[in-house]
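# Structural overview
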Amino acid sequence: MTSLSMTLKTNCGFSQSAQAVVLMAKWVPAHEHSTLLYQLTVICSSLVGDLAVEDIWQWSELTSFGDLPSARDFAAASAIGNSKIVMYGGWDGKKWLSDVYILDTMSLEWRELSVLGTLPPPRCGHTSTMVEKRLLVYGGRGGGGPIMADLWALKGLIEEENESPGWTQLKLPGQAPTARCGHTVTSGGFHLLLFGGHGTGGWLSRYDVYYNDCVVLDRVSVQWKRLATMNEPPAARAYHSMTSIGARYLLFGGFDGKSTYGDLWWLVPEDDPIAKRVTASPPEGIHENQHVSMTSMEKERQMQEDAVAELQKRIGVSVSVSNSNMKKIVDELEDTELLELASKLVGERALSNKEAVQALRDHWSRSSPKSIQLKELSPLLRDYQRMITRLQKEKLRSLLQSSKPGSLGKETYRFHHIRNVSQLRMDDIPHLLAEYRQLVVDIAAD
């Protein structure tokens, strides 16, 4: 494996396929704790023809209910599939915790999981990693302050399995990591990668030791293995983040007891293009002769970028060329599900498909959230996104035809980025309908 460093000078941005990130709890002044729940979502993802306007993200505070967990920090959580989050342990300012809570991200209901039998010692600063049907918890700082090196597995988190929740301590062979907290454990294929963290050294006078080693838990052989790297690793640290992106791992930040880091590192396989970039030196004269060796594809791309830059300058927005993975917007007269709903609504009246679709839109504009049936949500969401795209195309066309500078406006559409209706919550429907009604009015006035 090879590591590559990039230091952040100002700020950084991360993107992923998921549409939302949920954050639970925070440290607040006066050494108090909080149970505030936040969600980071894309509220606008503008698609205009072959151009995609940069996504706009927004934090929102969520109101949850049910078996609310106590205020805490240094807890660890992991996703169960696409709709639930399991949280274990933490520190509430007075004691270490060993409780388990599950949050349903669709209903925002918390449920405390009742676990019988032997429990792990209470702890904070540990890791919780969901691996198929089990939650794996490693290390952390426990009651009385000792730092631990134990590995536990929790079953009974998948409702369909009908398993009784229970903990099992795992003692695996191999080159196990030393006791630590503030480390990360990241799942990637058949491996779990443990990096960094801090422990204690000395027996007469205890002192903190920070780590920068990589230890892999091989799920095939079920044993620990030390991971050798080709070059110098990042500086030792704890309380960093490590994210798996395909076969690569992305490390950001951390703390070494004295300094807080803002650097960014890749950990990649030896044959990865990034690894080759680190070791390869550019040929002599590449900058002088680059325009001579430019391929026709590169020339076409350069022309595209020049056109985008000109557009950006004229309308005052940040745009980028969209890729082939961008979601296609189907015309309403090709949307079979929408046409079937429209046909049922108009009944035996002799209307064209276009007129029937307009009748359905008028019907949705007058409907209350409670009257919308589940089968209507998918075509309603698609039509909402279709109208956003159409409206933005018209605005962009007007701007390009005008000699005066302008902008696409500051409208935000909370559900434009959603790819599947299953990502909607019931309390989203009133907001979706309100934005839909406004779009119908804007389209008619355009």
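Here's a quick rundown of the structure. (Residues numbered from 1 in each chain as written. Predicted model: local features only at pLDDT ≥ 70, side-chain atom pairs only at ≥ 80, totals over all residues. Heavy atoms only, no water.)

### A look at the pattern of salt bridges
This structure, assessed with the given rule, holds 21 salt bridges. The partner of Asp-92 in a salt bridge is Lys-95, and the shortest N-O contact between them spans 2.8 Å. Residue Asp-92 is classed as buried on the basis of its relative accessible area of 18%. Residue Lys-95 is classed as partly exposed on the basis of its relative accessible area of 45%. Notably, a salt bridge pairs Glu-161 with Lys-133, separated by 3.4 Å at the nearest N-O pair. Taken as a pair, Glu-161 in the loop between strand 15 (147-155) and strand 16 (166-170) and Lys-133 in the loop between strand 13 (127-131) and strand 14 (134-142) lie far apart in primary sequence, 28 residues in all. With relative accessibility at 35%, the residue Glu-161 sits in the partly exposed group. A network of salt bridges, in which partner residues are shared, links Asp-331, Glu-332, Asp-335, Glu-337, Arg-361, Arg-382, Asp-383, Arg-386 and Arg-390. (Salt bridge = Lys/Arg side-chain N within 4 Å of Asp/Glu carboxyl O. Buried < 20%, exposed > 50% of the residue type's maximum accessible area, 1.4 Å probe, protein only. Helix = DSSP H or I, 4+ residues; strand = E, 2+ residues; numbered from the N terminus.)

### Notes on helix 7 (residues 429-445)
Taking 1.5 Å per residue, 17 residues should reach 24 Å; helix 7 reaches 24 Å between its end C-alpha atoms and fits that length. By the burial criterion, the buried members of helix 7 are Ile-429, Leu-432, Leu-433, Glu-435, Tyr-436, Leu-439 and Val-440. All buried residues of helix 7 lie within an arc of 165° about the axis, which places them on one face of the element. Projecting away from the buried face of helix 7 at angles above 90 degrees are the exposed residues Val-441 and Ala-445. (Expected span 1.5 Å × (residues − 1). Arc of directions from axis to C-beta.)

### Concerning the side chain of Asp-218
Structurally, the position occupied by Asp-218 is in strand 21 (residues 214-218). Overall, the relative accessible area of 8% leaves Asp-218 in the buried class. Within the local environment of Asp-218, its side chain forms a polar contact with the backbone nitrogen of Val-220, the two atoms lying 2.8 Å apart. Beyond its immediate chain neighbours, meaning those up to four positions away, Asp-218 contacts Phe-190, His-191, Gln-223 and Lys-225. (Polar contact = N/O pair within 3.5 Å; in protein donor to acceptor, adjacent residues only side chain to side chain. Contact = heavy atoms within 4.5 Å.)

### Some details on the pairing of strand 23 (residues 241-245)
Along any regular strand the residues' side chains alternate between the sheet's two faces. Pairing of strand 23 with strand 24 (residues 248-255) involves five bridges; the strand directions are antiparallel. Residue pairing for strand 24: Ser-241 is matched across the bridge by Phe-252. Hairpin connection of strand 23 to strand 24: two residues between the antiparallel strands, including Gly-246 at a positive phi of 65°. (Pairing = 2+ DSSP bridges.)

### What about the nonpolar core?
Counting residues in hydrophobic clusters, the biggest one holds 28 residues, and the most contacted among them are Trp-364, Leu-380, Tyr-384, Phe-415, Leu-432, Tyr-436 and Leu-439. If you list the elements that add at least two residues to this core, you get helix 4 (336-346), helix 5 (353-366), helix 6 (374-401) and helix 7. Top element by residues in this core is helix 6. It accounts for seven residues. Setting aside its immediate chain neighbours within four residues, Leu-380 contacts Trp-364, Leu-432, Leu-433 and Tyr-436. Ranked by size, the runner-up nonpolar core spans 14 residues in total, among them Leu-113, Val-115, Trp-152 and Leu-154. (Core = buried A, V, L, I, M, F, W, Y, C linked by side-chain atoms within 4.5 Å.)

### Quick word on empty space enclosed by the protein
Tallying each qualifying case throughout the model produces two cavities of 30 Å³ or more. Roughly 80 Å³ of internal volume is contained in the second largest cavity. Lining the second largest cavity are Thr-127, Thr-129, Leu-136, Tyr-138, Leu-151, Val-185, Leu-192, Leu-193, Leu-194, Leu-217 and Trp-224. Those elements giving two or more residues to the lining of the second largest cavity turn out to be strand 13, strand 14 and strand 18 (191-195). Sort the elements by how many residues they give to the lining of the second largest cavity and strand 18 lands first, with three residues. Taken together, the residues of the lining of the second largest cavity sort by class into nine nonpolar, two polar and no charged. (1 Å grid on protein atoms, 1.4 Å probe; cavity = no way out; pocket = protein on both sides within 12 Å on 5 of 7 lines; lining within 4 Å. Points joined across faces, edges and corners; volume = space filled by probe spheres on them. Nonpolar A, V, L, I, M, F, W, Y, C, P; charged D, E, K, R; others polar.)

### What to know about the pairing of strand 24
Both strand 24 and strand 25 (residues 260-268) contribute to a ladder of six bridges, which runs antiparallel. The residue of strand 25 that forms the bridge with Leu-250 is Trp-266. Two successive antiparallel strands, strand 24 and strand 25, enclose a turn made up of four residues, where Gly-257 displays a positive phi of approximately 95°.

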